Amino acid sequence: MRIGLIVNPVSGGGRASRHAEAVSAALERRVPQVDMRFTLGRGHAARLAEDFAGEGADLVIAFGGDGTLGEVADGLLRGRSPGGRLPQLGFIAAGTGSDFRRNFSFSSDPATAALELLDRPARPIDAGRVSFSLPGGGEGHRHFLNIASLGITGDIVETVNRAKMEGTKSGPLVYLLHTLGALLRYRFPSIRIALDDAAPLDAQVAAVAVANGAWFGGGMKIAPDARVDDGLFDVVVVRARNRSTLIANLARVYGGRHRSHPDVTIARASTVTVHPAAPGAIIPLEFDGEDLGCLPARYDILPGALMVRG
Ligand SMILES: Nc1ncnc2c1ncn2[C@@H]1O[C@H](COP(=O)(O)OP(=O)(O)OP(=O)(O)O)[C@@H](O)[C@H]1O
């Protein structure tokens, strides 16, 4: 078996970097061919994944946070050809939020998790593909593995990522603090959303999450019933009635207890299209914790698109 190990040295404030040698050594004790490569910046994990797939790797492991994992999934999926062979995907979480990991059970010690992942069979896991607008004009495309969202979450991800660049210590608390800050200042957008063939609905929203996994934002169980292998998105729409209601209910989101709140709608769908209700309004998007692009956007589920060891 040939393993491509992609390490993001800045994930989790340098956690992946600190454990990279230990992880590589643990894997090499069981599998002789382990090729470890480090990312150099945004988008590089996707290119490395494409390279590994082109070089015939059997398993590509993303070692980093959700952003790195999402990029690796994107790299594998965008390089695939009909009937072509795709490497299996593995991941070792070392990120700030590491929310995708919460859908699986792995040790929090990276070297132990690496060995656990070698022992797990690969199983089909869904992925999302999104087409979106680029701020300067034109259309972008991306795959994601965990959750794509818009609204206040786009603002939170942007400020969290800026704080990470400035060297702020990482951890779920960073997300909580920036979430509270955003709840106080954010101007809620109005959108038009359509699920599959249903008639579109207009709503002023705090956030919309198009979810494959259940958690985002460093431990918020935003899509409590989402399953990564059910072939459908769980689409969570949180309407913006007032700021104090949102702040008062934030704790319920961490426990996934917001399902029955009157301002929350959760539905399953294969395709989701979202437009700004006011033409020309700039409403930013995020995918797996990375801020990228804006509305209009179309999300399609790709059932069982990746064989993931987990
Ligand atoms: N060598 C590098 N130097 C600086 N930034 C990098 C480098 N390699 C990748 N990146 C950036 O790191 C970010 C991804 O980080 P990642 O999501 O893996 O960790 P995290 O943000 O700590 O975790 P999480 O998303 O789980 O909260 C991306 O924005 C990517 O562009």
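Cut-off values and rules
Residues numbered from 1 in each chain as written. Predicted model: local features only at pLDDT ≥ 70, side-chain atom pairs only at ≥ 80, totals over all residues. Helix = DSSP H or I, 4+ residues; strand = E, 2+ residues; numbered from the N terminus. Rg over C-alpha atoms; globule rule 2.2 N^0.38 Å. Buried ≥ 20, exposed ≤ 12 C-beta atoms within 10 Å, placed from the backbone. Domains from an automatic or database assignment. Contact = placed C-beta atoms within 7 Å. Nonpolar A, V, L, I, M, F, W, Y, C, P; charged D, E, K, R; others polar. Axes fitted to C-alpha atoms, helices over the stretch in contact; angles between N-to-C directions. Parallel < 35°, antiparallel > 145°, perpendicular 65-115°, else oblique. Left-handed = near helix turned anticlockwise from the far one by under 90°. Expected span 1.5 Å × (residues − 1). Near = placed C-beta within 6 Å. Pairing = 2+ DSSP bridges. Right-handed = clockwise from strand over helix to strand, strands pointing away. Arc of directions from axis to C-beta.

Caption draft 1: Seen up close, the overall build of the chain. Helix and strand counts for the chain come out as eight helices and 14 strands. Taking 310 residues into account, the globule formula puts the C-alpha radius of gyration at 19 Å, and the chain, at 19 Å, falls close to it. The dimensions of the chain, computed from C-alpha atoms along their principal axes, are 55 × 40 × 35 Å. Taking all 310 residues of the chain together, 48% fall into the buried category.

Caption draft 2: Looking closely at the domain arrangement of the chain. We note that the domain assignment places domain 1 (2-120) and domain 2 (128-304) within the chain. Computed over C-alpha atoms, the centres of domain 1 and domain 2 are 25 Å apart. Opposite the 17 residues of domain 1 that make contact, domain 2 presents 23 residues. A per-class count over the side of domain 1 that touches domain 2 returns four nonpolar, eight polar and five charged.

Caption draft 3: Examining the packing of helix H2 (residues 44-54) against helix H3 (residues 66-78) more closely. Running from N to C, H2 and H3 cross one another at 45°; their axes reach a closest spacing of 7 Å. In terms of axis orientation, H2 runs oblique to H3. Considering how the two elements wind past one another, H2 and H3 form a crossing that is right-handed. In this structure, H2 contributes Ala45, Ala46, Arg47, Leu48, Ala49, Glu50 and Ala53 to the contact, and H3 contributes Thr68, Glu71, Val72, Asp74, Gly75 and Leu76. A breakdown of the residues in the contact of H2 with H3 according to their chemical character gives seven nonpolar, two polar and four charged.

Caption draft 4: Representation of helix H5 (residues 152-165) in the model. Its 14 residues give H5 an end-to-end C-alpha distance of 20 Å, which sits within 8% of 20 Å, the value for a rise of 1.5 Å per residue. The set of residues buried in H5 consists of Ile152, Thr153, Gly154, Asp155, Ile156, Val157 and Val160. Each element contacted by the buried residues of H5 is listed here: strand E7 (147-151), helix H6 (172-185), strand E9 (201-211), strand E13 (284-287) and strand E14 (290-309).

Caption draft 5: Spotlight on the site of the ligand. The ligand sits among 23 residues. The nearest are Arg42, Gly65, Gly67, Gly95 and Thr96. For the shell around the ligand, the leading source of residues is H3, giving three residues. Residues of the shell around the ligand, tallied by class, amount to three nonpolar, 16 polar and four charged. A domain split of the shell around the ligand shows at least three residues from each of domain 1 (2-120) and domain 2 (128-304).

Caption draft 6: Seen up close, the environment of Thr153. Positionally, Thr153 belongs in helix H5. When the C-alpha atoms of Thr153 and Gly136 are compared, they prove to be 21 Å apart, with 17 residues separating the residues in sequence.

Caption draft 7: Focus on the pairing of strand E3 (residues 59-64). Of all six residues in E3, six are buried; the element is thus mostly enclosed. The alternating pattern of E3 places Leu59, Ile61 and Phe63 and Val60, Ala62 and Gly64 on opposite faces, both of which are buried. Two elements, strand E1 (residues 2-7) and E3, share five bridges in a ladder whose sense is parallel. Paired with Ile3 across the strands is Leu59, a residue of E3. For E3 and strand E4 (residues 88-93), the ladder comprises six bridges, and the chain directions are parallel. Bridge pairing in E4 places Ile61 opposite Gly90. In this fold, E3 hands off to H3, which returns the chain to E4; that crossover is right-handed.

Caption draft 8: Quick peek at H2. Among the residues making up H2, those that are buried are Ala45, Ala46, Leu48, Ala49, Phe52 and Ala53. Down the axis of H2, the sector holding all buried residues measures 160°, keeping them to one side. Contacts made by the buried residues of H2 are with E1, strand E2 (33-38), E3 and H3. A positive phi of about 85° marks Gly56, the residue just after H2.

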